[in-house]
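What the coordinates show
Given next are the chains, with one letter for each unit.
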Amino acid sequence: MSALIELKGVTKTYGSFTALSDVTMSLSDTNPSMTAIAGESGSGKTTLARILLGFINPSVGEVFYRGKDIAKMSSAEQRQFRREVQPVFQDPFEVFNPFYRIDHVLTTPVKRYRLADSEAKARSLIEDALKRVGLRPQDTLGRFPHELSGGQRQRVMVARAVLLRPRMIVADEPVSMVDASLRATILDELRTLNRELGISIIYITHDLTTAFQICDNILVLYRGAIAEAGAVERVIGAPRHPYSQLLVSSIPLPDLDRAWGNEEIPVSEANSSRPNAGCRFAPRCPHVMDQCWQSAPPKYMPDSQRLASCFLYRDSPIAPDEDVSAVFRLPGVAPVVVGG
Amino acid sequence: MTDKDKPILVVEGLHVHYDTGKGPAKAVNDVSFSLKPGERLGLIGESGSGKTTMATALMRLTRAPGRIAGGKVMLDGRDILAMSPRELRETRLRDIALIPQGAMSSLNPVMKLDEQMIDAILAHKPRMKRAELDARVAELLRSVGLDPSVAKRFPHELSGGMKQRAAMAIATSLAPKVIVADEPTSALDVVVQRQVMQTLGRLQDGLGAAVVLIGHDMGLIAQFADVVGVMYAGKLVEIGPVRQMIENPKHPYTKLLVESLPGIEVKQALTGIPGLPPPLVDLPPGCSFNPRCPFAFERCRTETPLLQDVAPGQRASCHLYPEHQSLPPLPVTARAQHHEARP
Ligand SMILES: Nc1ncnc2c1ncn2[C@@H]1O[C@H](COP(=O)(O)OP(=O)(O)O)[C@@H](O)[C@H]1O
Ligand SMILES: Nc1ncnc2c1ncn2[C@@H]1O[C@H](COP(=O)(O)OP(=O)(O)O)[C@@H](O)[C@H]1O
Ligand code: SF4
Ligand SMILES: [Mg+2]
Ligand SMILES: [Mg+2]
């Protein structure tokens, strides 16, 4: 099987600081899926996104796009990779030049990748892309960035990505600057792109509720390493790693019978500098054991659709495959029943 | 009436306008509510609905092109909007304090934290001695879960969560009776958000202060508030006890807001509320929500509904609830039917 994208033992260091540690994962080319990457700020989400996009090189490890090492691509291959893997960033306002009309961010890629051989063809491509994301071309084109709402600007960015007919979109916190009430529609559009156009989507977020709603699988990062990974029904529905448990229990649900509770949560800032050879989460973990300080936990498989890097599951088998995608669920395959 | 039942904050007919070339934008439009000591009011609304304008007006910090166009803000019986400049200076921070939106960036970048806190305290208690001030700073930092050694740091040396805590320490330095917090956790991770909200809750319990928490995330508001108020296009369209607002909202906007909240039990279609809020300089006649409302009828397009009792403790401004009549149940929306159809 040739994967759409494959990371092999990817580590990124900045000086002595490890921003991302030993990530091996792949995404299916034949079953385009939606994968969430979650974790607190500083956990390495953007670093992973930038590596997937080919914006930065890993310090250790390789990245393959459709079987080719992206560090060794010819310039034609690189050009294709750049077109087929598209970013959507957190704050669309920064991407727009305030002095150009909205049209500019849409016509530039059409020209750069020679997507149309006439003005009329270009116009119809752009209009189709805008309609895809729920924008009316006549209300959008000709406007300046400040004349659109944050949600509309973000949609234009998604339209720009769609225009290039990508195989993959890497969306780094695409709705965290957008009102809760408007997030739903934008995310639903991402899901439609996945289902209807077969675009694989990486959705980076710290909002586990929307990750659960739109994604097939999730990867939870803690301080640069994978804490837990698997189908969202498993990882968010019934988290196993103590860090995922903390994340899920902190979701502010509008459900008065699922209150946050009052137990004190250890503050992460307090013990961040203390190095330790064992589990990165040990200083904050309510279940920490002696063993956790000695060595880093391997990836255990508490069940067939998830893995958790935590010694609480030392009686479970260790994941046979380094590639975390081995526990991922492919879309179209019936969801697992939690607790079933 | 005992002191505990007597409202500490009463807002009456508050109007705030921004003067624009196209006429006044009515960002706060005839808003009234009251708050008892120790009570937690959560004000929710989409961006542009007037939440920050309201928070600023409660402190009488409105700046041009904004102006307070009418109303009263009674704090413990005295109208903030009618105070002399001197009274106002004394009242702010001592009786009512604001944690501004983006408080994290509102800290002074070139002053150490303790200097900023001491400045704030000295403005009200000029005779306080240095040793006493230092002790107070340490106590305040501890009260928000920060180590007192943080006092000697500059804002850029703190994480987002720590800065937000520092802003809370400053806001509570004089033990105010009312704390207004404008989206205090919007830029924070979920775990830090929960910690910050729990800290705010503890501080408030300790002081017996009332809190106005402003936000756009119904989940967060529900976790914190006793009473929820919903803002739409400058108006307070519904207000009531949190459980009623979530389990039995009366105003169609609140109802759609609650229905569109995703959970983590079942996967469902993500839906928002179709359409956009109206421009504040050009409100539609009648109910401002009528162009987006699935229940709108003729009267909604001509007559402005007033906020009125719809259930015990719950008030809504909507023509579906004609005055003094028994209250019909809200018709079921397509989305709700879809919910019920599921096993
Ligand atoms: N260019 C860089 N130089 C040094 N440190 C960096 C650089 N980029 C990221 N980092 C560090 O790597 C860690 C992970 O960052 P990032 O991937 O942006 O996390 P996230 O997106 O999860 O918030 C952070 O501690 C950050 O400070
Ligand atoms: N300085 C200003 N000048 C003109 N209009 C303003 C100004 N500040 C806010 N507004 C308008 O007032 C409305 C309410 O803004 P705001 O109170 O910030 O809303 P919220 O906090 O709910 O997002 C917005 O529609 C905005 O356009
Ligand atoms: S390995 Fe130990 S410290 Fe780490 S999460 Fe599991 S129980 Fe906690
Ligand atoms: Mg990031
Ligand atoms: Mg605001």
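Residues numbered from 1 in each chain as written. Chains lettered and ligands numbered in written order. Predicted model: local features only at pLDDT ≥ 70, side-chain atom pairs only at ≥ 80, totals over all residues. Heavy atoms only, no water.

Re the coordination of the magnesium ion (ligand 5)
Residues and elements named next belong to chain B. The coordination sphere of the magnesium ion (ligand 5) contains the protein donors Thr52 (OG1) and Gln101 (OE1), at a distance range of 2.0 to 2.3 Å. Here Gln101 lies in the loop between β6 (96–99) and α3 (103–106) and Thr52 lies in helix α1 (residues 51–58), a separation of 49 residues in the sequence. On the accessibility criterion, Thr52 (33% relative accessible area) is partly exposed. (Donors = N, O, S within 2.8 Å, 3.2 Å for Na, K, Ca; no water. Helix = DSSP H or I, 4+ residues; strand = E, 2+ residues; numbered from the N terminus. Buried < 20%, exposed > 50% of the residue type's maximum accessible area, 1.4 Å probe, protein only.)

Quick word on the site of ligand 1
All names here are of chain A. Near ligand 1 the following residues occur: Tyr14, Phe17, Ala19, Glu40, Ser41, Gly42, Ser43, Gly44, Lys45, Thr46 and Thr47. A distance of 2.9 Å is found between an oxygen atom of ligand 1 and a backbone nitrogen or oxygen belonging to Lys45. In this structure, an oxygen atom belonging to ligand 1 sits 2.5 Å away from a side-chain N or O atom of Thr47. Expressed as a share of its isolated accessible area of 560 Å², the protein-covered part of ligand 1 is 59%. No other element matches the three residues that helix α1 (residues 45–52) contributes to the shell around ligand 1. (Near = heavy atom within 4 Å. Polar contact = N/O pair within 3.5 Å; in protein donor to acceptor, adjacent residues only side chain to side chain. Areas by Shrake-Rupley, 256 points an atom, 1.4 Å probe, with all protein chains shown as cover.)

Comments concerning the domain arrangement of chain B
Residues and elements named next belong to chain B. Domain boundaries in chain B define domain 1 (9–225) and domain 2 (249–337). Facing 12 residues of domain 1, the contacting portion of domain 2 comprises 10 residues. Both sides together, the interface formed by domain 1 and domain 2 hides about 880 Å², and carbon and sulfur atoms give 64% of it. Summed over the three residues of domain 1 that lose the most area to domain 2, namely Lys26, Glu46 and Met218, the buried surface amounts to 49% of that side. Viewed at the interface, domain 2 and domain 1 are joined by one salt bridge. Taking the shortest distance from any N to any O, the salt bridge between Glu46 and Arg292 comes out at 3.4 Å. If you look at where domain 1 meets domain 2, you find two residue pairs in polar contact (both at pLDDT 80 or more). Looking at the side of domain 1 that touches domain 2 residue by residue, the classes come out as four nonpolar, five polar and three charged. (Domains from an automatic or database assignment. Contact = heavy atoms within 4.5 Å. Buried area = accessible area lost by both parts, 1.4 Å probe. Salt bridge = Lys/Arg side-chain N within 4 Å of Asp/Glu carboxyl O. Nonpolar A, V, L, I, M, F, W, Y, C, P; charged D, E, K, R; others polar.)

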